[in-house]
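The lines below spell out each chain.
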2 protein chains.
Amino acid sequence: MPAVRVAMAQINPTVGDLSGNSAKILDFAKHAQESGAQIVLFPELALTGYPIEDLALSRDFLSASEAALEDLAKAADEAGLGKMTLVVGYPGFAENPTSWAIGANKAALITGGKISGNYAKHHLPNYSVFDEYRVFVPGRNLLTFESNGMKFATVICEDIWQSGGPVAQISASKVDLTLVLNGSPFETSKTDSRLELVQSLAKAQGTAVAYVNLVGGQDDLVFDGNSFVVDISGKGIIRARQFSEDLCVFDIESQSKIAPVSKTAEPLKPHQQIWEALVLGLKDYVAKNGFKSVVLGLSGGIDSAVCASLAVDALGASNVFGVGMPSEYSSEHSLTDARELAQNTGLIYSEQPIEAMVDSAMGQLNLDGLAAENLQARIRALILMGLSNQNGHLVLTTGNKSELAVGYSTIYGDSVGGFAPIKDVEKSLVWALAKHRNEMAAIAGETPPIPESSITKAPSAELRPGQTDQDSLPDYAVLDQILELHIEQRLSASEITSKGFDGALVDSVLKLVKNSEWKRRQGAIGPRITKLAFGRERRMPISNGWS
Amino acid sequence: MPAVRVAMAQINPTVGDLSGNSAKILDFAKHAQESGAQIVLFPELALTGYPIEDLALSRDFLSASEAALEDLAKAADEAGLGKMTLVVGYPGFAENPTSWAIGANKAALITGGKISGNYAKHHLPNYSVFDEYRVFVPGRNLLTFESNGMKFATVICEDIWQSGGPVAQISASKVDLTLVLNGSPFETSKTDSRLELVQSLAKAQGTAVAYVNLVGGQDDLVFDGNSFVVDISGKGIIRARQFSEDLCVFDIESQSKIAPVSKTAEPLKPHQQIWEALVLGLKDYVAKNGFKSVVLGLSGGIDSAVCASLAVDALGASNVFGVGMPSEYSSEHSLTDARELAQNTGLIYSEQPIEAMVDSAMGQLNLDGLAAENLQARIRALILMGLSNQNGHLVLTTGNKSELAVGYSTIYGDSVGGFAPIKDVEKSLVWALAKHRNEMAAIAGETPPIPESSITKAPSAELRPGQTDQDSLPDYAVLDQILELHIEQRLSASEITSKGFDGALVDSVLKLVKNSEWKRRQGAIGPRITKLAFGRERRMPISNGWS
């Protein structure tokens, strides 16, 4: 039997931009045809972007999606792609709407200018960051089709993560290649779990599997691409790039005879994956929200240095505006380190001392202690927001996950901003990423962006004389372990203490976490990289008597 | 047959406060016994408060809940309540946990110091403000029990709002009285829909029904109590008070022979219901988060006047700190109206002119237009947050639903605060509530709190000379209609235009709604009173190309 050539189009759609996404799909389908493919596979909800959240509850939006799909089918035919089969993820009306959800998360087969079949996702994830049981109605039936003498089946993402449902029918349907449309967000170490899952599926259902994933940033999620194919034995055949669009082409003759056509990619190393995820998350948030440039405060510290470096990688140095905002408590190195960062990266640097404004406010308000400390952070926010409003820059807020967890920040002060590039990066990892980025630069023969002093000096908010973070917090090495056990592993104080941490310390950390929930609720979004990020993934009451 | 006396304990628990809630349950059970009741019924998750959100994912929390229930059973027995049956809502471990959800939303029967039965909620609401399919595993079986020769069944809240499930077994089980444990949040006009639903249930399943609801504020939700009993014909027998704790006692001899024992209440009139909901939401947020006092800016406008008046009703005038913060653009009446409000209500008033701080910032930053306008609002935020940090007041932010919808506010400026008392109140309703509150005062022979001028003058942010809201927005009467159609009824631009509104105006309003999503995400929570409030009830992407 002659081989069937299949292309996986790993694309980066924009949520809600139906015409832009349609054009992109058509474009990739043309490239697929040029590469000789008879079938081209797009990711989950490729037509509308993913996740669409409550847009799925709008009749108008679902109608527009279905109309765009029809238009796409016609346009593909007119472009000479009529003989190809396009498998495209889109949201459409559900057959059995409820009183709330009216749509389904679907895949359509497009061929000869027509929609020749469709599939509705059966398992709707409603945990972690997902609310799909809220917005979609589940489908029930497997979709299979034949092409060039081979049999294909189509399922969507979560369908392969849960047992039962249409996936259980694959074996009985004698499917050669199962096409899985995915919107699977990046998460540290997830590459391996996806592969293991798909390998089990291949073996259990007796099918080769093509797993195509979205790529790109959408609010707090980063889709890493990383699409791949395994044969019936679970052997990897070809893999697409991470964190960029790609067209991944292969020939299949049988479940066990599959050959790569396009170039395969290797997964990146762990720190590089995280760095790229953060860069892509930031880049796409800026672009998809119509910004061109960002502004951020540069304190000379590690957090703002890493954020600035990410921004330069994402947007280019000429679109990154860094502002040094010294106070009477700022150390000399806070300015020299900020200036060195600017010099290393080429970002556009300016300085705005805050002393006059602080004096003016202090002259009128009778503040001391924490209230006076917070005032300084809020004057800095005033400056950054002024520059943002005046010049159209997006403000980046530079807090890390450890700070966010314990509320070690000034609300309406350093927490101000539209996007928080490292909000899901614990402090220990911030340092590791800084070192990693500098090493990459050294290897490439470029200037390491982050000043050595920003990496090595003791972290401080510099809101009072001689202050360091460790006046208020345990060492970050300890704090980060406690937080990881509590946040990501959901352990209680007693469970954490039983692992050898000081009980009083654990109690105090967990109390800080609880008491800063209200601040987190008002915080900017930022890219998720861990298996449990703050935000929609951790929904805790603010009014909460549980300790 | 002798009548069975049943008490419905409409209580206000605090989420997570197991010992406080247990003590309250025991206290109400004692009162029930004193009134001669043999059965006392508590609302949904009475033991832990409701909703518990992701606390339900914590093993530690579920263990503590189960232990608290056992302790409660013992304590009730020791207090001489051993012969009573207590029906108590609590979260416990599910029989069939998933890889994510491990708990169930349960009701326990407590009698003779033991837990003699339990029920797990079957229909888990996962729409509107609810995420229960995320955090609970559904139960499958009806719980029935006999007491004094009569048969009772227990179900929980959503079980009666959906068809199928255990409720469908009530008729076959020949139940005399169905006990429904509820956590049903207040919503304008919901009183009627609950009654209609319970009446249908009574008729369809051939049972009398006792519907007991929580009361109190929990973050953005306000539970209104309003518990009631109907007989098999659907006739109302007794009703508990709204917006306060109550013990509602009745005698049942048969499905059709039920008599009130305690005093029945009448539902409040619509505007009074809303006012009481807002007062209770604010009062409980303050108390349950450990605050004693609030601070807010008083502009002389209607929004801050209504918020201040709500705060005075909730906390007493001596716990409400109002700050007039005039600028060079403030009208004379902005101060006179603020002062009059303070005088009318007795709140603690002070003034902090912003001009010096604005001048200091403007002298350093080169701002004009919107950036300069926003600066003024942010200086005011700086003052309020300074007073909050210095004195421990909770800051109230006074924006209304119309402003929030179209982004007519300064982020990190007038949006600053921990709680937003009127965030779900559209501008037209703000005026109506102000008039209502003044009328109530007049009827009671008290000074109407809200200055007449605040109600009648044209609304203005006063951030530039002669500014009014209608420079940027359509008349609120029109705007509020468009917003209601778009937000609460989910209509599209074309659907709204087809109702006779100007197409360009509708498009511009809907664009403002979309573009201010990022601001709303960072906004304070506030009490929900409509059938679709901003916040967890409307989950829209920020990066969103759909228009």
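Residues numbered from 1 in each chain as written. Chains lettered and ligands numbered in written order. Predicted model: local features only at pLDDT ≥ 70, side-chain atom pairs only at ≥ 80, totals over all residues. Heavy atoms only, no water.

### What to know about the overall build of chain A
Looking only at helices and strands, chain A has 16 helices and 19 strands in total. For chain A, the C-alpha radius of gyration of 25 Å lies close to 24 Å, the compact-globule estimate for 547 residues. Residues classed as buried in chain A amount to 63% of the 547 residues present. Sequence-distant contacts, at least 24 apart, represent 73% of the contacts inside chain A between residues at least 6 apart. With the model as given, the accessible surface of chain A reaches about 19000 Å², and the carbon-plus-sulfur share is 50%. Within chain A, one finds 47 positive and 63 negative side-chain charges whose respective centroids are separated by 5 Å. (Helix = DSSP H or I, 4+ residues; strand = E, 2+ residues; numbered from the N terminus. Rg over C-alpha atoms; globule rule 2.2 N^0.38 Å. Buried < 20%, exposed > 50% of the residue type's maximum accessible area, 1.4 Å probe, protein only. Contact = heavy atoms within 4.5 Å. Areas by Shrake-Rupley, 256 points an atom, 1.4 Å probe, with all protein chains shown as cover. Lys, Arg positive; Asp, Glu negative; His and termini not counted. Charge placed at Lys NZ, Arg CZ, Asp CG, Glu CD.)

### A short note on the interface of chain A and chain B
Reports of interface size often rely on the accessible area that becomes lost once the parts have come together. Taken together, the contact between chain A and chain B spans 71 residues of the former and 71 residues of the latter. As a salt-bridge pair, arginine 539 of chain A and aspartate 131 of chain B come within 3.3 Å of each other at their nearest N and O atoms. Between chain A and chain B we count 35 residue pairs in polar contact (both at pLDDT 80 or more) in total. With 12 residues, the single largest contributor to the side of chain A that touches chain B is helix α9 (residues 369-391) of chain A. Broken down by class, the residue content of the side of chain A that touches chain B amounts to 34 nonpolar, 21 polar and 16 charged. (Salt bridge = Lys/Arg side-chain N within 4 Å of Asp/Glu carboxyl O. Polar contact = N/O pair within 3.5 Å; in protein donor to acceptor, adjacent residues only side chain to side chain. Nonpolar A, V, L, I, M, F, W, Y, C, P; charged D, E, K, R; others polar.)

### As for the state of the cysteines
All names here are of chain B. This model, assessed by the stated rule, comprises 0 disulfides over all chains. Here cysteine 248 is not disulfide-linked; the sulfur of cysteine 157 is the nearest cysteine sulfur, at 17 Å. Among the residues examined, cysteine 248 registers a relative accessible area of 1% and is labelled buried. (Disulfide = S-S within 2.5 Å.)

### Here we look at unusual backbone geometry
All names here are of chain A. Put simply, tyrosine 50 and proline 51 share a cis peptide bond, and its omega is -5°. If you trace the backbone, proline 51 turns up in the loop between β2 (39-41) and α2 (59-81). For lysine 174, which is not glycine, the phi torsion reads 50° and is therefore positive. Examined against the element boundaries, lysine 174 turns out to sit in the loop between β7 (150-156) and β8 (177-182). In this structure lysine 174 comes out as exposed when scored by relative accessible area, which is 66%.

### So, the relation of the copies chain A and chain B
Placing chain A over chain B gives an RMSD of 0.0 Å and needs a rotation angle of 180°, together with 0.0 Å of translation along the axis. Here the copies are linked by what is in effect a two-fold axis. When C-alpha distances to the rotation axis are compared across chain A, the minimum falls at glutamine 522 of chain A, with a value of 2.0 Å. A share of 99% of interface residues in chain A that are also interface residues in chain B marks the association as one of identical surfaces. (Least-squares fit on C-alpha atoms with pLDDT ≥ 70 in both.)

### Details of the sheet that holds β2 of chain A
Residues and elements named next belong to chain A. Sheet architecture is open: 7 strands sit in the order β5-β4-β3-β2-β1-β14-β15, paired in mixed fashion. Both outer strands of the open sheet, β5 (114-120) and β15 (257-260), are each paired with one neighbouring strand and no more. Direction aside, the axes of adjacent strands within the sheet are offset by 30° on average. With 8 bridges connecting them, strand β3 (residues 85-93) and strand β4 (residues 103-111) associate as antiparallel partners. Within β4, the position partnered with leucine 86 by the bridge is isoleucine 110. Most of the contacts of helix α1 (residues 18-34) go to strand β14 (residues 246-254), to which it runs at about 50°, and overall it touches β1 (4-10), β2, β3 and β14. Contacts from α2 reach β3, β4 and β5, with the element oriented near 160° to β3. (Pairing = 2+ DSSP bridges. Axes fitted to C-alpha atoms, helices over the stretch in contact; angles between N-to-C directions.)

### Overview of the domain arrangement of chain A
Residue and element names in this part refer to chain A. What the domain assignment lists for chain A is domain 1 (4-267) and domain 2 (273-473 + 516-521). A C-alpha centroid distance of 39 Å is found between domain 1 and domain 2. Taken together, the contacts link 16 residues of domain 1 with 10 residues of domain 2. A per-residue breakdown of the area domain 1 buries against domain 2 is headed by Gly217, Asp219 and Phe243, which together make up 43% of the total. Between domain 1 and domain 2 we count 5 residue pairs in polar contact (both at pLDDT 80 or more) in total. Secondary-structure elements contributing two or more residues to the side of domain 1 that touches domain 2 are β10 (215-218) and β11 (221-224). The element contributing the most residues to the side of domain 1 that touches domain 2 is β10, with 4 residues. A per-class count over the side of domain 1 that touches domain 2 returns 7 nonpolar, 8 polar and 1 charged. (Domains from an automatic or database assignment. Buried area = accessible area lost by both parts, 1.4 Å probe.)

### Brief notes about empty space enclosed by the protein
Residue and element names in this part refer to chain A. Taken as a whole, this structure holds 13 cavities of 30 Å³ or more when the rule is applied. Considering only enclosed or pocket space, the second largest cavity measures out at about 230 Å³ in volume. Taken together, 17 residues form the lining of the second largest cavity, with Thr397, Leu404, Ser409, Ser415 and Gly523 sitting closest to its centre. Taken together, the elements giving at least two residues each to the lining of the second largest cavity come down to α10 (401-406) and α16 (517-521). In terms of residue class, the lining of the second largest cavity is made up of 4 nonpolar, 8 polar and 5 charged. (1 Å grid on protein atoms, 1.4 Å probe; cavity = no way out; pocket = protein on both sides within 12 Å on 5 of 7 lines; lining within 4 Å. Points joined across faces, edges and corners; volume = space filled by probe spheres on them.)

### Topic: the side chain of histidine 123 of chain A
Residues and elements named next belong to chain A. One can find histidine 123 in the loop between β5 and α3 (132-135). Here histidine 123 falls in the buried class, since its relative accessible area comes to 15%. Among the polar contacts listed, one links the side chain of histidine 123 to the backbone oxygen of serine 163, at a separation of 3.1 Å. Sequence-distant contacts of histidine 123, that is, excluding residues within four places in its chain, are made with Glu158, Asp159, Gln162, Ser163, Gly164 and Gly165.

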